[in-house]
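Results of the structural survey
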Amino acid sequence: MSDLAGNAGSGSTSTANYAVDTVRPTATVAVVDTALKIGDTSLVTVTFSEAVTGFTTADLSVDHGVVSGLNSGDGGVTWTATLTPTAGVSDTTDLVTLDNTGVSDLAGNAGSGSTDSNNYAIDTARPTASVVLADSALAAGETSLVTITFSEAVTGLTNAALTVAHGTVGTLSSSDGGITWTGTYTPTASVEDATNVITLDNTTVTDAAGNAGSGTTDSANYVIDGVAPTATIVVADNDLQGSDTSLVTITFSEAVTGFTTADLTVANGALSGLASSDGGVTWTATLTPTLGVVDASNVVTLDNTGVHDLAGNAGSGTTDSNNYAVSTMVPTATVTLSDSALKIGDTATVTITFSEAVTGFSNADLTVDNGTLTAVTSSDGGVTWTTTFTPTAGTTDATNIIRLDNTGVVNAGSMAGVGHTDTANYTVDTVRPTATVTLADSALLAGETSLVTITFSEAVTGLTAADLTVANGTISTLNSADGGITWTATLTPTASVTDATNLVTLDNTGVADLAGNAGSGSTDSGNYTVSTVRPTATIAVATTTLGVGATSVVTITFSQAVTGFDNSDLTVGHGTLSAVASSDGGVTWTATLTPETGVSAAGNVLTLNGAGVWNEAGNAASGTISSNPYTVSTAPAPAEPPAVPSTVDGVPLTTVTTTDPATGLSNAQVTVPVVVPTRPDDPSTPNP
């Protein structure tokens, strides 16, 4: 360069020195301990590319933890701090992140972006557990599975970690790597306790990170009842005589179930009415001694194995009551009848036999079903007594007894009988069978029959047709299909009878019921009518020869008025008949007979078909009825025949006559010539 005068400069001139720094600071972040558990901390080292200022913990983001004690010992290039993990955390992916924009180098250049540390894992969660018993109510002899389930796999668990109330737990084991552990709990024998737990000392186990559990964990409550129920038995009355009974009280040490009289053995007696009113602790029953016994040593024995307490523990062994004496030598009896199936007219001997002679016995001590007794008597000093039983009339009862009240008699020792004695069952049937007789059809015509039904009050035997009287008829096919109660037969009325008052009468004395009682009197059916008379008739043709132009009155006279009669019921020989008519109510009928023309016939009749007419009762006439014969001659007279020569060619003629029954031609009206050869040996003569 030159000045204004043109002088060029010489040499060179330099400025004072200056510095240039346009590089931003960078950093690395290192966490020394990458697996942090409870109680652990880690050194964190932040190394910048150059010394920086402005760096504080606020520039660091820490996963699951905090950083403290941040400082630099080399002027701001290397910084250290302590990382303390958050408690109760389990996380395998964690970082410390530096916000580079919070720091500047000494030239004032701020960092940019962010820088992450290496990954570190935190496990500051202590293992926890639950303790569960499968069975929370344990009786004697029972065990229960115990399951201890941890929140994570643990090590170090032994039975020493368990405090077990009233029992022991067998060796613990795990089949899933240490999360679930099981053992068998066995309760202590002969213990009864409703409040029990198993307690786990959690401090004895550690998880995989080495964290120990803390505190204790209890199971739910479980009940132990390993005590079998026991009992006492008290018989209130220890001297049982005659009809005495006694209250028996069985008191258990606790409520029991399954207790029945089958669990009790009673010497010379029986128990009834066993029951408890307090839930199964106290039970009562009534002891009734056996009759006919004298025994000073007796007990009621309980088989304790038949009962269980509410936990299911069965009793063991047996328990005896206090001793009681039995003195029941009271009179006993049997009562028998000589006949156990009594019908009308029967009686039976009743025999009362006591075990010993008694006094005080009378008919008042006997209750009799459907009958009466004569006064009881004894012929052997009071051991055997007899009376006669007569059944009540008109009674049917299959269930009957005579009952003796034993308390009404005493033996020689003044001991009264006990209870009652019954006979075997006997039947009384003093009812005679009765019957009804009914007819299905109470109006019988010719050709009809009716079902007859005889219904008895009970099954009978001996019924035959001979026991039935039938007005204007007969009985057939008498039988019963139901064992003899209902009988049926067929009534066929007598022919040609008209009677409006008829009965079927049963002779009841011919039958007997199954007890042998015969019926009495007779039983009539309802009334029935018999009308079996068929109408008959006569037919009179007034004119017996009818020529050309002639007619005849025909009179048909019935035995009684009929209906249904018309010309279709008549067949007329060689003639026609006008419509039949009656003017007297149907008894007499008339018509006009007109012969056929061109007829010459004798022996003609009118024929009536009786099936076409009925009388008032509805009976049809039977068969056919013919009139008197008549002749019809309405054919013209034949012409005179030509004279007949006496010979032909000299041969005499012979006349043969005949009569035609169809035309009535007489034998004089026809002449038949017959040629008789005069020379039999002449062959030229013709044969007849």
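Just so we're clear, the structure is a prediction, and the values are computed from it rather than from any experiment.

Turning to the overall build of the chain, a few remarks are in order. What the chain contains, in helices and strands, is 0 helices and 76 strands. Its C-alpha atoms give the chain a radius of gyration of 70 Å, clearly above 26 Å, the size a compact globule of 688 residues would have. Along the first, second and third principal axes, the C-alpha set of the chain runs to 225 × 145 × 65 Å. Buried residues in the chain amount to 35% of all 688 residues. A separation threshold of at least 6 residues defines the contact pool for the chain, and within that pool the share at least 24 residues apart is 64%.

Let's shift gears to the pattern of salt bridges. One pass over the structure, following the stated rule, counts 3 salt bridges. Among the salt bridges present, the one from Asp40 reaches Lys37, with a minimum N-O distance of 3.4 Å. For Lys37, a relative accessible area of 30% translates into the label partly exposed. For the salt bridge of Lys343 with Asp346, the shortest nitrogen-to-oxygen distance reads 3.5 Å. Residue class for Lys343 comes out partly exposed when judged on its relative accessible area of 26%.

Next up on the list: the side chain of Thr387. Mapping Thr387 onto the fold places it in strand β44 (residues 384–391). A distance of 2.4 Å separates the side chain of Thr387 from the backbone oxygen of Thr374, its partner in a polar contact.

The biggest cluster of nonpolar side chains holds 24 residues, and the ones touching the most others in it are Ile556, Phe558 and Phe565. Contributions of two or more residues to this core are made by β61 (537–541), β63 (552–558), β68 (588–595), β70 (606–609) and β73 (630–633). Those residues within four positions of Ile556 in sequence are excluded, and the remaining contacts are Ala537, Thr538, Ile539, Phe565, Leu570, Val580, Val587, Thr588 and Trp589.

It is worth spelling out the pairing of strand β55 (residues 486–493) at this point. A one-sided burial pattern is seen for β55, the buried positions being Trp487, Ala489, Leu491 and Pro493 and the unburied ones Thr486, Thr488, Thr490 and Thr492. Across 6 bridges, the pairing between strand β51 (residues 450–456) and β55 is antiparallel. Bridge pairing links Thr453 to Thr488 in β55. Bridging between strand β54 (residues 473–480) and β55 involves 6 bridges; their strand directions are antiparallel. Of the residues in β55, the one forming a bridge with Asn479 is Thr488. The antiparallel pairing of β54 with β55 creates a hairpin that spans 5 residues between the two strands, and Gly483 there sits at a positive phi of about 85°.

Working definition: an aromatic ring pair is given by the centre-to-centre distance plus the angle between the planes. Considering all chains together, one arrives at 10 aromatic pairs under this definition. Where Phe259 meets Trp283, the ring centres are 5.2 Å apart and the plane angle is 80°; that geometry is what we call edge-to-face. Taken together, the residues Phe259 in the loop between β29 (256–257) and β30 (264–266) and Trp283 in strand β32 (residues 282–289) connect sequence positions 24 residues apart. Pairwise contacts between aromatic rings join Phe48, Phe55 and Trp79 into one cluster.

This next bit is on the sheet that holds strand β34 (residues 300–303). Strand order across the open sheet formed by 3 strands is β30-β34-β36, with antiparallel pairing between neighbours. In this open sheet, the two strands that pair with only one neighbour each are β30 and β36 (318–320). Sheet twist, expressed as the mean angle between neighbouring strand axes with direction ignored, is 20°. Here 3 bridges tie β34 to β36, and the two strands are oriented antiparallel to one another. Opposite Leu302, over in β36, you have Thr319 as the bridge partner.

Taken in spatial order, the 3 strands of this open sheet run β5-β9-β11, and their pairing is antiparallel. Only two strands of the sheet have a single neighbouring strand rather than two, namely β5 (60–62) and β11 (114–116). Within this sheet the neighbouring strands show an average axis-to-axis angle of 20°, counted without direction.

Another aspect to go through is unusual backbone geometry. Only a minority of non-glycine residues have a phi that is not negative, and only a minority of peptide bonds are not trans. The backbone of Thr477 sits at a positive phi, close to 50°, despite the residue not being glycine. By secondary structure assignment, the location of Thr477 is in strand β54.

Our focus in this paragraph is the environment of Gly381. On the secondary structure map, Gly381 appears in the loop between β43 (377–378) and β44. Taking relative accessible area as the criterion, Gly381 reaches 64% and is therefore assigned exposed. When the C-alpha atoms of Gly381 and Thr359 are compared, they prove to be 9.2 Å apart, with 22 residues separating the residues in sequence.

Tracing the sequence through the fold places Ser525 in the loop between β59 (522–524) and β60 (528–531). For Ser525, a relative accessible area of 6% puts it in the buried group.

Another aspect to go through is the environment of Ala110. Tracing the backbone through its elements, the reader meets Ala110 in the loop between β10 (104–105) and β11. Overall, the relative accessible area of 24% leaves Ala110 in the partly exposed class. C-alpha of Ala110 to C-alpha of Arg24: the two residues are 86 residues apart in sequence and 5.9 Å apart in space. If near-sequence neighbours (up to four positions away) are discounted, Ala110 is found in contact with Arg24, Pro25, Thr101, Val103 and Ser104.

This part is about the confidence of the model for the chain. Across the chain, pLDDT averages 91, with 93% of residues at or above 70. Confidence drops under a pLDDT of 50 for residues 668–680, and excluding neighbours within four residues, the segment shows 27 contacts in the predicted structure. With pLDDT under 50 throughout, residues 682–688 is counted as low confidence; its partners more than four residues away or in other chains account for 6 contacts.

A separate point is the environment of Gly603. If you trace the backbone, Gly603 turns up in strand β69 (residues 600–604). Residues Gly603 and Gly371, 232 residues apart in the sequence, show an inter-C-alpha distance of 88 Å.

Scoring rules and cut-offs
Residues numbered from 1 in each chain as written. Predicted model: local features only at pLDDT ≥ 70, side-chain atom pairs only at ≥ 80, totals over all residues. Heavy atoms only, no water. Helix = DSSP H or I, 4+ residues; strand = E, 2+ residues; numbered from the N terminus. Rg over C-alpha atoms; globule rule 2.2 N^0.38 Å. Buried < 20%, exposed > 50% of the residue type's maximum accessible area, 1.4 Å probe, protein only. Contact = heavy atoms within 4.5 Å. Salt bridge = Lys/Arg side-chain N within 4 Å of Asp/Glu carboxyl O. Polar contact = N/O pair within 3.5 Å; in protein donor to acceptor, adjacent residues only side chain to side chain. Core = buried A, V, L, I, M, F, W, Y, C linked by side-chain atoms within 4.5 Å. Pairing = 2+ DSSP bridges. Phe/Tyr/Trp six-rings, centres within 6.5 Å; stacked < 30°, edge-to-face > 60°. Axes fitted to C-alpha atoms, helices over the stretch in contact; angles between N-to-C directions. pLDDT = per-residue confidence, 0-100.

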